[in-house]
Amino acid sequence: MKIRKLYIERSAADYPVTQHICSRLEMPAQIIDNPESVYQEIARSPDPEKAGKSILLLTRNRGAFLRDCPGTSYYTCCGYQILHIGTYCSMDCAYCILQAYFHPPVLQFFVNHAEMEASLQQHFAKGEIARIGTGEFTDSLIWESVYPLSSRLVELFSRQKACVLELKTKTTAVDYLLGLVHHKKTIMAWSLNTEAVIANQERGTAALGARLAAAEKCQKQGFPLAFHFDPMILYNGCYAEYENVIEQVFSRIDPAGIVWISLGSFRFMPELKPIVARRFAGSKIIYNEFIRAIDGKMRYFKPLRIQLYSRVIEAIKSRAPEVLVYFCMEDDEVWQKCLGHAPADPEGLPMMLDQRAVQICGLSGRFPAG
C-alpha cells in the first residue's frame, strides 16, 4: 500500500486506531470536516480510479458493520455476511467492480473498532452458525501493514465456536497471521486466476506461485483454506491454462484442508465498460460475446460459461473429489449441467456451505432459520 496523502475526518481523529495508523505512516495528515472535499479532489484527477488508490481517508463507519452480501434474487446466493471494515483496494484489477461501484473510489478505513467488535460479540452471542468475511468491498489483507485488523479478528473469532471468518486476498501478506491461535475459525482464502490473467489484468497483485506459497504456509499453520476462481475469463487457450492452475493448487495444497472452491465468470455492470476501456487500453476482456442478463449485468452466453465451468470442475474433481465446489451467482441450469445438482431452495446453498464449515472448521451452534 503506497499512500501519498492522508486525510482524517475530524470525528475520527481521536480514535486509538487513527493514532496507530498515523504513527505507522509517519506522514502529515490533513484534518477535514467533510469527506466531500476528498471526493472532489479525486474526481478532478485525470484517472480518479488510480488516484483513489493512494489517498487514505480515516473515518467512522456510520452504518452497520455486518451486512448481507449484495446478491440478487435472480441467481443462487451463498448467504455470506460482510464485515464492513473499509472500501476500495490498493491493487488495480481491470475487471474490478469497485471502480464503478464507488463514486469516486477512495481508500477508506473505518476506525471505530470498538463498535465493530460490539457488533461481532452481539452476533456471536446468538449462537447461530455464520460465515463472515472482509473481502467484499476491499482486500482483506492490504491493511495489515498500517493496522493489524485481520490479526485482531483472527483472535476474536478463535474465542467463539459458531462463526467462521474468511479472509480473502490476492496478496501474500500472511506473515502477520502465522503463529496466531485460530482454532480453525478463520479461513484463509485466495482469489486465483491463470498466469495470463494475473499478468495482464491484475496490476500490483501477487503472482500465482506466490499466492499458493502463502496458502501453503497457512495450511502448515493449521488454517483452513478456500480458493475463489472469480472472475474466470474466456480467451484463446484459457481451458488448458485454468486446468494448469488446478494442477498447481493440488501439487502444493492438501485438499483435506480446503473448505470450498467457488467458480464465477466475468460479469460486469455496463458502467464498468468505459472505465476499463479508458484505464486498460490493452485489455480485451470487455470485447467478447456478452449478453445483458436478468440482473442487468453483462455476462458470457450461458453455453460458454457452462463449457468453461465443466472443464475446471472435471479438473478439480479428478484431484479432490470431496472438496465442495459451488458457483457464485449462477442459476439452476448451470448448476445442474455442471455439477449434476442444484440447491433445493434459496437457503440450499447457504446450508451446504454452513455444513461444510461445521465439518472442516469445527463450528457448533444453531443453523440460521430458513
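This text follows the structure it describes.
In this report, we go over the structure that sits alongside the text.

Next up on the list: the overall build of the protein. A tally of helices and strands in the protein yields 13 helices and 18 strands. For 370 residues, the compact-globule estimate of 2.2 N^0.38 gives 21 Å, and the protein sits close to it at 20 Å. Based on the C-alpha atoms only, the size of the protein along its principal axes is roughly 55 × 50 × 35 Å. A separation threshold of at least 6 residues defines the contact pool for the protein, and within that pool the share at least 24 residues apart is 74%.

Our focus in this paragraph is the sheet that holds strand E16 (residues 290–292). Strand-to-strand pairing in sheets goes through backbone hydrogen bonds, with the strands running parallel or antiparallel. Taken together, the 3 strands give an open sheet; going across it, the order is E15-E17-E16, and neighbouring strands pair in antiparallel fashion. The sheet terminates laterally at strand E15 (267–268) and E16, the two strands that pair on one side only. Across 2 bridges, E15 lies against strand E17 (residues 298–300) in antiparallel orientation. If you follow Phe268 over to E17, its bridge partner there is Met298.

For the rest of this paragraph, the subject is the nonpolar core. Among the nonpolar cores identified, the biggest contains 123 residues, and Phe109, Met188, Trp190, Phe227, Phe229 and Leu263 are the most heavily contacted of them. Once you skip the residues sitting within four places of it in the chain, Trp190 turns out to touch Thr169, Thr171, Val174, Arg211, Ala214, Ala215, Cys218, Leu225, Ala226, Phe227 and His228. Listed in part, the 8 residues of the second largest apolar core include Tyr7, Val38, Ile42 and Ala51.

In the structure shown here, the tally under the stated rule is 13 aromatic pairs. Judged by centre distance (5.0 Å) and plane angle (25°), the ring pair of Phe266 and Phe268 falls under stacked. One aromatic cluster in this structure is built from Phe266, Phe268, Phe290 and Tyr300.

To continue, consider helix H8 (residues 208–220). Taking 1.5 Å as the rise per residue, H8 with 13 residues should run 18 Å; its terminal C-alpha atoms sit 19 Å apart, in good agreement. Taken residue by residue, H8 has Leu208, Arg211, Leu212, Ala214, Ala215, Cys218 and Gln219 as its buried positions. Looking straight down H8, one finds its buried side chains confined to an arc of 155°; they lie on one side. Those residues of H8 hidden inside the fold are in contact with strand E11 (186–191), helix H7 (195–201), strand E12 (202–203), strand E13 (225–232) and helix H9 (238–252). Immediately beyond the C-terminal end of H8, within one or two residues, lies Gly222, with a positive phi of roughly 90°.

Attention now goes to the packing of H9 against helix H11 (residues 302–319). Here H9 crosses H11 at 25°, and the two axes come no closer than 10 Å. With respect to H11, the element H9 is oriented roughly parallel. The hand of the H9/H11 crossing is right-handed. Of the residues in H11, those in contact with Cys238, Tyr239, Tyr242, Glu243, Ile246, Glu247 and Phe250 of H9 are Gln307, Leu308, Arg311, Val312, Ala315, Ile316 and Arg319.

Once that is clear, we can look at the side chain of Lys170. Along the chain, Lys170 falls in the loop between strand E10 (163–169) and E11. Sequence-distant contacts of Lys170, defined by excluding residues within four places in its chain, comprise Met91, Cys93, Tyr95, Asp139, Ser191, Glu202, Thr205, Ala206 and Arg211.

Once that is clear, we can look at the sheet that holds strand E9 (residues 130–133). As summarised here, the arrangement of the 8 strands in space is E4-E5-E9-E10-E11-E13-E14-E18, forming an open sheet in which the pairing is mixed. The sheet terminates laterally at strand E4 (66–68) and strand E18 (324–327), the two strands that pair on one side only. Within this sheet the neighbouring strands show an average axis-to-axis angle of 25°, counted without direction. For strand E14 (residues 258–265) and E18, the ladder comprises 4 bridges, and the chain directions are parallel. Note on E18: the bridge partner recorded for Leu263 is Phe327. The strands that H11 touches are E13, E14 and E18; relative to E14, the one it contacts most, it runs at about 160°.

Glancing now at the environment of Tyr88. Structurally, the position occupied by Tyr88 is in the loop between strand E6 (86–87) and strand E7 (92–93). The class for Tyr88 is buried, based on a relative accessible area of 0%. In the structure, Tyr88 is positioned 50 residues away from Thr138 in sequence and 4.8 Å away in space, judged by C-alpha atoms. Within the structure, Tyr88 has its side chain in polar contact with the backbone oxygen of Glu49 (distance 2.6 Å).

Definitions and limits used
- Residues numbered from 1 in each chain as written.
- Predicted model: local features only at pLDDT ≥ 70, side-chain atom pairs only at ≥ 80, totals over all residues.
- Heavy atoms only, no water.
- Helix = DSSP H or I, 4+ residues; strand = E, 2+ residues; numbered from the N terminus.
- Rg over C-alpha atoms; globule rule 2.2 N^0.38 Å.
- Contact = heavy atoms within 4.5 Å.
- Pairing = 2+ DSSP bridges.
- Core = buried A, V, L, I, M, F, W, Y, C linked by side-chain atoms within 4.5 Å.
- Buried < 20%, exposed > 50% of the residue type's maximum accessible area, 1.4 Å probe, protein only.
- Phe/Tyr/Trp six-rings, centres within 6.5 Å; stacked < 30°, edge-to-face > 60°.
- Expected span 1.5 Å × (residues − 1).
- Arc of directions from axis to C-beta.
- Axes fitted to C-alpha atoms, helices over the stretch in contact; angles between N-to-C directions.
- Parallel < 35°, antiparallel > 145°, perpendicular 65-115°, else oblique.
- Left-handed = near helix turned anticlockwise from the far one by under 90°.
- Polar contact = N/O pair within 3.5 Å; in protein donor to acceptor, adjacent residues only side chain to side chain.

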